[in-house]
Amino acid sequence: MKISVFGLGYVGCVSAACLASMGHEVIGVDVNQVKVDLVNDGKAPVVEERIGELTAEVVGTGALRATVDVREAIMGSEVSLVCVGTPSEPNGSLCTTYLERVTEQIGAALADRSGHSGRHTVVFRSTMLPGTCLNLLVPILEKSVGGTAGVDVGVAVNPEFLREGTSVRDFFDPPKTVIGELDPASGDAVLALYEGLPGEVFRVPVPTAEAIKYADNAFHGLKIGFANELGAVCQALGVDSHQVMDVFLADRKLNISPAYLRPGFAFGGSCLPKDLRSLVHAARRADVSVPILAHVLPSNSDHLQRAVELVERTGKRRVGLFGLSFKPGTDDLRESPLVELAERLFGKGYDLRIHDANVSLSRLIGANREYIETRLPHLAQLLADSVDEVLEHAEVCLVGTRDPAVLSALPHGGPVIVDLIRLPDAEARRAEPGYIGLAW
């Protein structure tokens, strides 16, 4: 394919050289004449493993050249990869100035290109927040081109997952390929660029592709911060942190796995809250600052509060809650987030009814009974014996259980449903009035 790559920084330079080495004909574009001259001399404008040799090779064969002329690049290509920078503004917001400028320039060049055969596809590879492409860049492109995106010009978002230092290696062995496509033809054009590369391909809506890059980088930062904070606590307590993490990493079932990484309701139970409190307390006693660990429980509490606020926004007062125990299939109420939710709603004066088939007040003994008598002493008058009793009472139903009896009884078009667990039919229900997902 004939490809133009806008922006010859790390991502653009590596993408251009690697695509050229795969047999594509590539034109690099940059406003910096020095970078352009370096590429045309067969030299990479960045220092990176393998990129110097690769650039020399593909420039030598004529597969890669560079220019400052946007129109020349557009006339000589069928796909444009936009790899310009999106730095932070002083207030932390995303700077889209370079994206806007290059989109306008590409659009103007495409307007002059009318008459050329084949539709041009503009592929944004720069990191940008969800909504940037469709709400900001597509209108600029359409205005400049004088046409419709997805019809007259293809548009896609194709985030990169390249690590500085190993970018070339990562390009040829990607963890995944993500294509946010405005229409199938735009996605097809991107897919053709990477034909033959390993890794799973995900073709998703444009905003999803934009968000995936942020999910990745936020998690990477979280992992590094978590490991460093834990290491500092271990050091203060006289423990070998690397030995601890070796064992931690060996657990592929719960630790290094998809476990606990699906948005849902707040966590609770007899382990996580108390152990986090103990760890943070030990860190403070040792004068070790652990802002990540110290904010896990407040973050969990804020997430629980979102459910309360969703009920408040409905303006209705009669509320039903399905589920009460900390974990489905048990009657364990200790630090159950659903008990906390019930407590907050009851405290705000809501007329509340609760059903959990596994929780019967008469069977609650020991720590369970003591916990509920302390935290929710009015539980007996709130518990309902059947699903129907709750449904008959409630104007708003909070669903915190996957009990088949509850799921099968939930009506369509009945009371407002506040979904805390992502119901099996959530995708269909999202189109219905009265359905509210907690985090989806």
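The structure contained in this document is the topic of the report that follows. Predicted model only: the values in this text are computed from it and were never measured.

Some remarks on the packing of aromatic side chains
By convention here, two paired aromatic rings are described through the distance between centres and the angle between planes.
Here is step 1 of the chain: According to the stated counting rule, one finds 3 aromatic pairs in the structure shown.
Here is step 2 of the chain: When the ring of phenylalanine 171 is compared with that of phenylalanine 172, the centres are 5.4 Å apart and the planes differ by 80 degrees; the resulting orientation is edge-to-face.
Here is step 3 of the chain: Take phenylalanine 172: its relative accessible area is 23%, and that puts it in the partly exposed class.
Here is step 4 of the chain: Linked through ring pairs, Phe171, Phe172 and Tyr194 together constitute an aromatic cluster.
Here is step 5 of the chain: One Lys or Arg, arginine 317, reaches over the ring of tyrosine 350 and ends 3.9 Å from the middle of that ring.

Structural notes on the packing of helix α13 (residues 296-314) against helix α14 (residues 337-347)
Here is step 1 of the chain: Between α13 and α14, whose axes approach to 10 Å, the crossing angle comes to 45 degrees. Between α13 and α14, the crossing angle belongs to the class labelled oblique. Two packed elements cross with a definite hand, and for α13 against α14 that hand is right-handed. Where α13 approaches α14, its residues Ser301, Leu304, Gln305, Ala307, Val308 and Val311 are matched on the opposing element by Pro337, Glu340, Leu341, Arg344 and Leu345.
Here is step 2 of the chain: Residues that form the contact of α13 with α14 fall into these classes: 7 nonpolar, 2 polar and 2 charged.

Structural notes on the sheet that holds strand β9 (residues 318-322)
Here is step 1 of the chain: Strand order in the open sheet formed by 5 strands is β10-β9-β11-β12-β13, with parallel pairing between adjacent strands. At either margin of the open sheet sits one strand with a lone partner, and together these are β10 (351-355) and β13 (435-437). Averaged over all neighbouring strand pairs, the angle between strand axes comes to 20 degrees, with direction disregarded.
Here is step 2 of the chain: One ladder, built from 3 bridges, connects strand β12 (residues 416-419) with β13; its direction is parallel. Paired with valine 418 across the bridge in β13 is isoleucine 436.
Here is step 3 of the chain: Those strands touched by α14 are β9, β10 and β11 (396-399), and its axis lies near 170 degrees from that of β9.

Observations regarding the sheet that holds strand β7 (residues 176-181)
Here is step 1 of the chain: If you walk across this open sheet you meet the 8 strands as β3-β2-β1-β4-β5-β6-β7-β8, and the pairing is mixed. The sheet is open, and its two edges are formed by β3 (64-67) and β8 (200-204), each paired on a single side. Looking at each pair of strands side by side, their axes are set apart by 25 degrees on average, direction ignored.
Here is step 2 of the chain: Two strands pair when backbone bridges link them, and strand β6 (residues 154-157) and β7 are joined in this way by 2 bridges, in the antiparallel orientation. Bridging from a neighbouring strand, alanine 156 pairs with glutamate 181 of β7.
Here is step 3 of the chain: Helix-sheet contacts for helix α6 (residues 132-145) involve β5 (121-124) and β6, and the interaxial angle to β6 is about 150 degrees.

Topic: the layout of surface pockets
Here is step 1 of the chain: Of the pockets and cavities examined, the second largest pocket occupies roughly 610 Å³.
Here is step 2 of the chain: If you trace the second largest pocket, you find 26 residues lining it, with Gly7, Leu8, Cys83, Val84 and Gly85 closest to the centre.
Here is step 3 of the chain: Put simply, the parts of the chain that give the lining of the second largest pocket at least two residues each are α1 (10-21) and α5 (97-112).
Here is step 4 of the chain: A total of 4 residues in the lining of the second largest pocket trace back to one element, the largest contributor, which is α5.
Here is step 5 of the chain: A per-class count over the lining of the second largest pocket returns 13 nonpolar, 7 polar and 6 charged.

Considerations on the pattern of salt bridges
Here is step 1 of the chain: For the structure shown, the criterion picks out 18 salt bridges.
Here is step 2 of the chain: Residue glutamate 181 pairs with arginine 203 through a salt bridge whose shortest N-O separation is 2.7 Å. On the criterion of sequence distance, the pair formed by glutamate 181 in strand β7 and arginine 203 in strand β8 is long-range, its members being 22 residues apart.
Here is step 3 of the chain: Exposure remark for arginine 203: the relative accessible area of 35% places this residue in the partly exposed category.
Here is step 4 of the chain: Arginine 277 is paired through a salt bridge with glutamate 335; the nearest N and O atoms lie 2.8 Å apart. Residue arginine 277 is found in helix α11 (residues 272-285), and its partner glutamate 335 is found in the loop between β9 and α14; the two are separated by 58 residues along the sequence.

Re the packing of α6 against helix α9 (residues 206-236)
Here is step 1 of the chain: Packing of α6 against α9 brings their axes to within 9 Å, and their N-to-C directions diverge by 115 degrees. Accordingly, the angle class assigned to the pair α6 and α9 is roughly perpendicular. The residues of α9 that touch α6, namely those facing Thr132, Cys133 and Leu134, are Val206, Pro207 and Glu210.

Here's the deal with the side chain of serine 77
Here is step 1 of the chain: Summarising the element assignment, serine 77 is placed in the loop between α4 (70-75) and β4 (79-82).
Here is step 2 of the chain: The class for serine 77 is buried, based on a relative accessible area of 2%.
Here is step 3 of the chain: Only 3.0 Å separates the side chain of serine 77 from the side chain of serine 4, close enough to count as a polar contact.
Here is step 4 of the chain: Excluding residues within four positions of it along the chain, serine 77 makes contact with Lys2, Ile3, Ser4, Arg113 and His120.

Some remarks on α9
Here is step 1 of the chain: With 31 residues, α9 should cover 45 Å at 1.5 Å per step; its first-to-last C-alpha distance of 46 Å lies within 8% of that length.
Here is step 2 of the chain: Here α9 has its buried residues at Val206, Ala209, Glu210, Lys213, Asp216, Gly225, Glu229, Leu230, Gly231, Val233 and Cys234.
Here is step 3 of the chain: Backbone geometry just downstream of α9 places glycine 238 in the positive-phi region, at approximately 75 degrees.

A few points about empty space enclosed by the protein
Here is step 1 of the chain: Overall, the coordinates contain 3 cavities of 30 Å³ or more when judged by the stated rule.
Here is step 2 of the chain: For the largest cavity, the lining is made up of 14 residues, of which Arg125, Pro174, Lys176, Thr177 and Tyr194 are closest to its centre.
Here is step 3 of the chain: Among the secondary structure elements, those contributing two or more residues to the lining of the largest cavity are α7 (167-172) and β7.
Here is step 4 of the chain: Considering every element that reaches the lining of the largest cavity, the biggest residue donor is β7, with 3 residues.
Here is step 5 of the chain: Roughly 50 Å³ of internal volume is contained in the second largest cavity.

Rules used in this analysis
- Residues numbered from 1 in each chain as written.
- Predicted model: local features only at pLDDT ≥ 70, side-chain atom pairs only at ≥ 80, totals over all residues.
- Heavy atoms only, no water.
- Phe/Tyr/Trp six-rings, centres within 6.5 Å; stacked < 30°, edge-to-face > 60°.
- Buried < 20%, exposed > 50% of the residue type's maximum accessible area, 1.4 Å probe, protein only.
- Lys NZ or Arg CZ within 6 Å of the ring centre and 35° of its normal.
- Axes fitted to C-alpha atoms, helices over the stretch in contact; angles between N-to-C directions.
- Helix = DSSP H or I, 4+ residues; strand = E, 2+ residues; numbered from the N terminus.
- Parallel < 35°, antiparallel > 145°, perpendicular 65-115°, else oblique.
- Left-handed = near helix turned anticlockwise from the far one by under 90°.
- Contact = heavy atoms within 4.5 Å.
- Nonpolar A, V, L, I, M, F, W, Y, C, P; charged D, E, K, R; others polar.
- Pairing = 2+ DSSP bridges.
- 1 Å grid on protein atoms, 1.4 Å probe; cavity = no way out; pocket = protein on both sides within 12 Å on 5 of 7 lines; lining within 4 Å.
- Points joined across faces, edges and corners; volume = space filled by probe spheres on them.
- Salt bridge = Lys/Arg side-chain N within 4 Å of Asp/Glu carboxyl O.
- Polar contact = N/O pair within 3.5 Å; in protein donor to acceptor, adjacent residues only side chain to side chain.
- Expected span 1.5 Å × (residues − 1).

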